[in-house]
Amino acid sequence: MAKTIKNIVRAIKANKLRFLTISLVIAIGVSSWNMMIMAFLDMDFTYNHAFQENNMASFTIQTANPGGSGSDAWIDMENLTSYLNEFKQSVPSFEKIELRIIYDTKFVVRGNSQNGRLIAYKTTDEEGNLRLQPDVNGIEILQGREFTFASQYQNVCYVEGHLAEYWKLKENDFIGLGDQNIPFQVLGVVASPEYLMNMGSYADLLPSPRRFGVIFLPLRVAQNILNVQGQVNEISVKLDWGLSKSERKHIASRLKTYLEDEKGLKLGEPVDLDEQIAYWLLRMDIQEARELGYVLPIILLGMAMWGLYILLGRMVVAERKDIGVAQALGYSRKTIILQYVGIALLISIIGTVIGTVLGVIIASQFSPIYAKMVTLLFPVYTRMDPVVIGAGFILGIITGLLGGYLPVRNAIQPLPAESLRFDPSLHITSGQIPLLERMLKGLRIKLRTTGFKLPVRNFFRSKKRTFSSIIGVVISVSLISCMFGMFESMDLALTAQYQDIEDWDLRVDFSEVPTNTSNIVSAIKQIDGVTAGTYSLTSGATIFSNFSSNSKTVQLIGLKESEGYLGHTFEFKSGTYDSEGIILSVPVAEKLKVKVGDMVSLEIPKLTKLVSTAPLRAHFKMVNVSFKISGIIDEFNGLVSYLGLDKLKSVSNFPGDPANSILLKVENPTIEKLNEIRNIIKEKYDYNVRNIFTKEEQTSDLLVLLNAIYYIVYAIVGFAMALAVIMVYNTVYINLQEQQREIATLLTIGTPNRRIIRNVTIENLIVTIIGSVIGLIFGWVLLWFMMDVVLDMEFFRIQLFMSNSTIFQSFFFTLIAVLIAEYFPLRRILNLNLAEATKERVV
Amino acid sequence: MAFIELKNVIKNYTLGETTTLALDGINLEIEKGELVIVYGPSGAGKTTLLNLIGGLDIPTEGDVTVAEIPVSTLSAQWLTVYRRKKVGVVFQFFNLISRLTALENVEYSLELVGVKENGKGKDTVSFNSKLIKNKAKEYLEKVELGDRMNHFPSQLSGGEQQRVSIARALAKEPEILLADEPTGNLDYNIGRKILELMEAMTGKALNRTVFIVTHNDAICPLGDRVIRLSDGQIIENYTQEYTPAKELYW
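Let me begin by describing the structure that accompanies this report. All values reported here derive from a predicted model rather than from experimental measurement.

A word on the overall build of chain B. The helix and strand tally for chain B stands at six helices and twelve strands. The C-alpha radius of gyration computed for chain B amounts to 18 Å, which stays within 12% of the reference 18 Å derived for 250 residues, consistent with globular compactness. Along the three orthogonal principal directions, the C-alpha set of chain B runs to about 50 × 40 × 40 Å. A burial count over chain B gives 56% of its 250 residues as buried. By sequence separation, contacts in chain B at least 24 residues apart represent 69% of the contacts at least 6 residues apart. Distance between charge centroids for chain B: 8 Å, based on 28 positive and 33 negative side chains.

We now examine the pattern of salt bridges. All names here are of chain A. Evaluated as defined, the whole model comprises 42 salt bridges over all chains. The partner of Glu260 in a salt bridge is Lys256, and the shortest N-O contact between them spans 3.1 Å. Taken as a pair, Glu260 and Lys256 lie in helix α6 (residues 245–262) at a separation of four residues, close to a single helical turn. With relative accessibility at 24%, the residue Glu260 sits in the partly exposed group. Its relative accessible area of 12% is what places Lys256 among the buried residues. Measuring nitrogen to oxygen at the nearest pair gives 2.8 Å for the salt bridge that ties Glu437 to Arg457.

Quick look at the packing of aromatic side chains now. Tallying each qualifying case throughout the model produces 17 aromatic pairs over all chains. Note on Tyr166(A) and Trp167(A): the rings are 5.1 Å apart at their centroids and 80 degrees apart in plane angle, and the pair reads as edge-to-face. What makes Tyr166(A) partly exposed here is its relative accessible area of 36%. Ring geometry for Tyr823(A) versus Phe824(A): centroids 5.1 Å apart, planes at 80 degrees, classification edge-to-face. Exposure remark for Phe824(A): the relative accessible area of 41% places this residue in the partly exposed category. Among the aromatic residues, those joined into a ring-pair cluster are Phe570(A), Phe572(A), Tyr577(A) and Tyr642(A). Sitting over the ring of Phe45(A), Arg383(A) keeps its end group 4.2 Å from the ring centre. For the cation-ring pair, Lys142(B) lies above Tyr139(B), with the distance from its terminal atom to the ring centre recorded as 4.4 Å.

For the rest of this paragraph, the subject is a positive patch on the surface. On the surface, Lys441(A), Arg444(A), Lys446(A) and Lys130(B) cluster together into a positively charged patch. Among the secondary structure elements, Arg444(A) is positioned in the loop between α12 (435–442) and α13 (449–459). For Arg444(A), a relative accessible area of 77% puts it in the exposed group.

On to the pairing of strand β22 (residues 689–694) of chain A. All names here are of chain A. With six of its six residues buried, β22 lies for the most part within the structure. The sheet contact formed by strand β13 (residues 506–510) and β22 spans five bridges and is antiparallel. Residue pairing in the sheet places Phe510 in a bridge with Val689 of β22.

Further remarks concern helix α6 (residues 188–201) of chain B. All names here are of chain B. Helix length check: α6 (14 residues) gives 20 Å between terminal C-alpha atoms against 20 Å at 1.5 Å per residue, within 8%. Every buried residue belonging to α6 is among Gly191, Ile194, Leu195, Leu197, Met198, Glu199 and Met201, and all of these are buried. Residues of α6 that are buried in the fold lie against α4 (129–142), α5 (158–171), β9 (176–180) and β10 (209–214). The distance from a side-chain oxygen at the start of α6 to the backbone nitrogen of Asn189 is 3.3 Å, and the residue carrying that oxygen is Asp187.

Here we take up the sheet that holds strand β3 (residues 35–39) of chain B. All names here are of chain B. The strand order across the open sheet built from six strands is β6-β9-β10-β3-β11-β12, with neighbouring strands paired in mixed fashion. The outermost strands of the open sheet, each flanked by one partner alone, are β6 (87–90) and β12 (233–239). Neighbour to neighbour, the strand axes of the sheet diverge by 15 degrees on average, direction disregarded. Most of the contacts of α5 go to β6, to which it runs at about 175 degrees, and overall it touches β6 and β9.

Residues and elements named next belong to chain B. Strand order across the open sheet formed by four strands is β2-β1-β4-β5, with antiparallel pairing between neighbours. Of all strands in the sheet, those with a lone pairing partner are β2 (18–30) and β5 (69–70), marking the two edges. Examined bridge by bridge, strand β1 (residues 4–15) and strand β4 (residues 61–66) share five bridges and lie antiparallel to one another. Paired with Lys7 across the two strands is Asp63, which belongs to β4. Along the sheet, helix α1 (residues 46–54) makes contact with β1, β2 and β4, crossing β1 at roughly 120 degrees.

With that settled, the discussion passes to the interface of chain B and chain A. With 32 residues of chain B at the interface, the matching set in chain A holds 32 residues. Around 3,100 Å² of area is buried between chain B and chain A when both sides are counted, 55% of it from carbon and sulfur atoms. Among the residues of chain B in contact with chain A, Arg99(B), Tyr108(B) and Glu111(B) are the three that bury the most area, contributing 25% of the side total. Summed over the shared surface of chain B and chain A, the result is four salt bridges. Of the charged contacts, one joins Arg99(B) and Glu742(A) as a salt bridge, the two residues approaching to 2.5 Å between their closest N and O atoms. Linking chain B with chain A are 18 residue pairs in polar contact (both at pLDDT 80 or more), by the criterion used here. Residue assignment for the side of chain B that touches chain A shows that the elements contributing at least two residues are α1, α2 (76–86), α3 (102–113) and α4 of chain B.

Structurally, Thr806(A) can be placed in helix α22 (residues 804–830). Contact partners of Thr806(A), with chain neighbours within four places excluded, come to Ser481(A), Phe484(A), Gly485(A) and Glu488(A).

To continue, consider unusual backbone geometry. Glycine aside, a negative phi is what most residues show, and trans is what most peptide bonds show. Phi at Asn137(A) takes a positive value of approximately 55 degrees, unusual for a residue other than glycine. The exposure class assigned to Asn137(A) is buried, which follows from its relative accessible area of 3%. Non-glycine residue Glu144(B) carries a positive phi angle of around 65 degrees. Accessibility expressed as a relative area gives 59% for Glu144(B), which makes it exposed.

Residues and elements named next belong to chain A. Running from N to C, helix α15 (residues 517–525) and helix α18 (residues 671–685) cross one another at 140 degrees; their axes reach a closest spacing of 11 Å. By the angle class used here, α15 and α18 are oblique. Note that α15 runs across α18; the crossing there is right-handed. For the pair formed by α15 and α18, the contact residues are Ile520, Ala523 and Ile524 on the first element and Ile681, Lys684 and Tyr685 on the second. Looking at the contact of α15 with α18 residue by residue, the classes come out as five nonpolar, no polar and one charged.

All names here are of chain B. Following both chains from N to C, one finds α3 and α4 inclined at 120 degrees, their axes separated by 9 Å at the closest point. Our classification of the angle between α3 and α4 gives oblique. Handedness of the α3/α4 crossing: right-handed. Along its contact with α3, which presents Ala102, Leu103, Val106, Glu107, Leu110 and Glu111, the element α4 presents Ile132, Lys133, Lys135, Ala136, Lys137 and Leu140. In terms of residue class, the contact of α3 with α4 is made up of seven nonpolar, no polar and five charged.

On to helix α9 (residues 333–373) of chain A, then. Since there are 3.6 residues in each turn of an α-helix, residues three or four apart along the chain are aligned in direction. The end-to-end C-alpha distance of α9(A) is 56 Å, a good match for the 60 Å that 41 residues give at a rise of 1.5 Å each. Positive phi shows up at Thr375(A), right after α9(A), with a value of about 50 degrees.

Scoring rules and cut-offs
Residues numbered from 1 in each chain as written. Chains lettered and ligands numbered in written order. Predicted model: local features only at pLDDT ≥ 70, side-chain atom pairs only at ≥ 80, totals over all residues. Heavy atoms only, no water. Helix = DSSP H or I, 4+ residues; strand = E, 2+ residues; numbered from the N terminus. Rg over C-alpha atoms; globule rule 2.2 N^0.38 Å. Buried < 20%, exposed > 50% of the residue type's maximum accessible area, 1.4 Å probe, protein only. Contact = heavy atoms within 4.5 Å. Lys, Arg positive; Asp, Glu negative; His and termini not counted. Charge placed at Lys NZ, Arg CZ, Asp CG, Glu CD. Salt bridge = Lys/Arg side-chain N within 4 Å of Asp/Glu carboxyl O. Phe/Tyr/Trp six-rings, centres within 6.5 Å; stacked < 30°, edge-to-face > 60°. Lys NZ or Arg CZ within 6 Å of the ring centre and 35° of its normal. Patch = residues over 30% accessible without salt bridge, like charges linked within 9 Å, V, L, I, M, F, W, Y side chains within 5 Å. Areas by Shrake-Rupley, 256 points an atom, 1.4 Å probe, with all protein chains shown as cover. Pairing = 2+ DSSP bridges. Expected span 1.5 Å × (residues − 1). Polar contact = N/O pair within 3.5 Å; in protein donor to acceptor, adjacent residues only side chain to side chain. Axes fitted to C-alpha atoms, helices over the stretch in contact; angles between N-to-C directions. Buried area = accessible area lost by both parts, 1.4 Å probe. Parallel < 35°, antiparallel > 145°, perpendicular 65-115°, else oblique. Left-handed = near helix turned anticlockwise from the far one by under 90°. Nonpolar A, V, L, I, M, F, W, Y, C, P; charged D, E, K, R; others polar.

None of this, on its own, says anything about what the molecule does.
The following block contains the structure:
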């Protein structure tokens, strides 16, 4: 045993660089396993902890018209409380209930107006004692002080962390609420599990605190400023945490039926925990990480196993005579196999240990960095999971065992006499002219012996090793092209959307829906520089079809065509714009299994009683209206539908010309001109304008994210190149070592060094070209897998795209890696002592 | 000046911590066209001597001059040129390129130096592939392998491989032919045939200087000159009447 160990160590020392590279790949594989799986588990735990600790609602139900007025918008709190107490007798898993106000309004922060949401909850319990937390959907105070008993009589609020961070708000600052700009003092900054990600709705593609923020108020204060004393518009329910989604939905459905049918309330659809935006988005995010966390390490460890297989296979062939001698001396086959397997095992243990340590260290840093990237305000929990670490260790060891055992097992078959007769140098060719060369000969293309003949024949000499080099190139090219492709696809989608499709230069969002928008637009068009203007009304709607049991909730946009200007240039997959029909996006049409010409039914609010026109206050009821699909669009925004504003107006019974946004085209839209126009509009219409922004402002946050992604892309490109260097280095090294005597002979008979370099480079160039072609195909497949399967988000629709520049760069960077890989073995072989090398019978 | 001169040549090899003295103060003069047998036991320095003359190695001390070229002071690049144009090598283990056929192995050597052709009364060097192929075939026929030209080394016997090696070395018509144990890997009959071949294709008429390294003293009578080495020193250096290869026996 001691001798075997000594032989193992000696063999590793003799090939230390090559074994080190394989150890490195194993280390990267194991560390990526540990890092990604543990990061996934950490984030999963962190989210669950935040949700559970803060009593995240199992479902919420709002009134049918939460922003409106009337019985479909508000519910008497006292009555509702008694209804709920009655209902919960029959549902043992009902843990807690919280009644709240959820109201979207305008904020004015540091002189800037923006959209916002106020959430109000009772700061006292049933006995009238102060309580610091709501029973459901709790909050964590990050900075500042708690509500006091007196707070329910004061204009005070908490600001949600994302909003606070954006505007640098802190304790004792002030923000304005609503059109009256009512000043509210900030008591503190809080984190809310409902807003782990700062998104107001699924339709908000580019969430930013600049456009949407959340504040928390005492309920009584909100009731007073909204003039809905004693009323609420949302029920939050916490059930037993262990219930499944279907069980929760069943209870929610029962509650809605009970409250509507037996108590005459008008309610919207319950929103389950899994459908809560932040919860849903974050779960999807870590799910993607988990999928990658399994796939990437397996690829890397597979590569390492193959590398070991090649290396040890070559070692056994080279040492076959020594093996024969050992067998002749009486060593058992088992002992000999053990030696080689021992080599592989030792390499994999080294790689696994390094990978485990690295993975644990990186995982503990990765989760906090990731949390910071997604602006998670809750504490991040990092834990060492012994099961994950153990599994990673086992994977690393198995890589070594399989990579070592398989090539050795068959190679030690021969009888000692056969091994002793074996001349490795005679076994480095198949003795055949490759098919490619014969084909070229048929085309009368003759290769010179000192020209392309040798590299071409070398390429076909050892299929396993050539395959190994090609695999290294394929992985590199596919990773690089996929990464660049992802970035280009996103960039192109955004460019197409915000340069071509969104056909406006300035967008004005109103706080309240005006009903004289056409007059407003006509007036704004008089401003110098404004060349066209139109308006749109955005609301939500649920679409049903006869062809599927699915329904889809979408952002419904009614477009007004003003003198041929729509503010939107459609990218049709099929059909066309018809102001009487409806246009669906591809994901919606696919979900509903509909096409152009089919009829769909929209559930939209219909005005039943007009309370006031300025601001627009009305009672609504939900109605189903049929529309014919006139077009299907393939655009960035996946969950959106369009119809003519006049049609929408008529079916919704809106008075006048309602709109919540105005879109303007400006001649020569420089920043100065746009600001000038913006200021004029603000001056005239500030009483009702929530926000005016340019396209650049709307996309600025996403562009920052894209830039960050660009750096990640280049990091992965570097990683892919390193992998290619490692794989190709090993096979080039072995190739050249096998040909050592031949190359020494060629040098002896007068072949210049540059010709040897050229031959090896041509051979590797052929490998790179073939590997690149296959790699680009895999790159496309990987791009599709990443974008359409792993990152499948129906509200983003991104066309896959890979430019010629990406194809060229993928090939070019990989070629650089291959040339780097061949440099070191070539340098060694060109500095051989010719006298010794020509005499050696070395493989 | 002699065609080949070695003056006070010393060659050391360092392997790890051990330094081995391979040649110890060699002084030698060889005239053009001589067939020299370098003979001695294993480790005497025979191959080292050949390597220094052939430009495969450089001496630790001393000078090696061949045809007035200071071989021992040439750069690596010029040594390659020297080996290409002046030297032909026949190896003990044949050292054929396994992926090339017999014909292609000889062509390779010719493609490096070209083929001399007499055009318009003046010798020129041509790299025309047809000329090269014809020359290669000519030499393979000389070594009686005309019908085995398109075989790969793995399809040839030891003797056939050595004949290809000889054809490859001689096709470019070098001034010096170095053969290191050319029969060491062959049995008597084939070995003798190889020597006969080398004898026929070299010799004074062709003015080619030949060095044959051997540890087999039965081959010594083949040469015009015999140099006996032992422990890196020349023990004997004498000329003689040569004996034809067909009369040799071992």
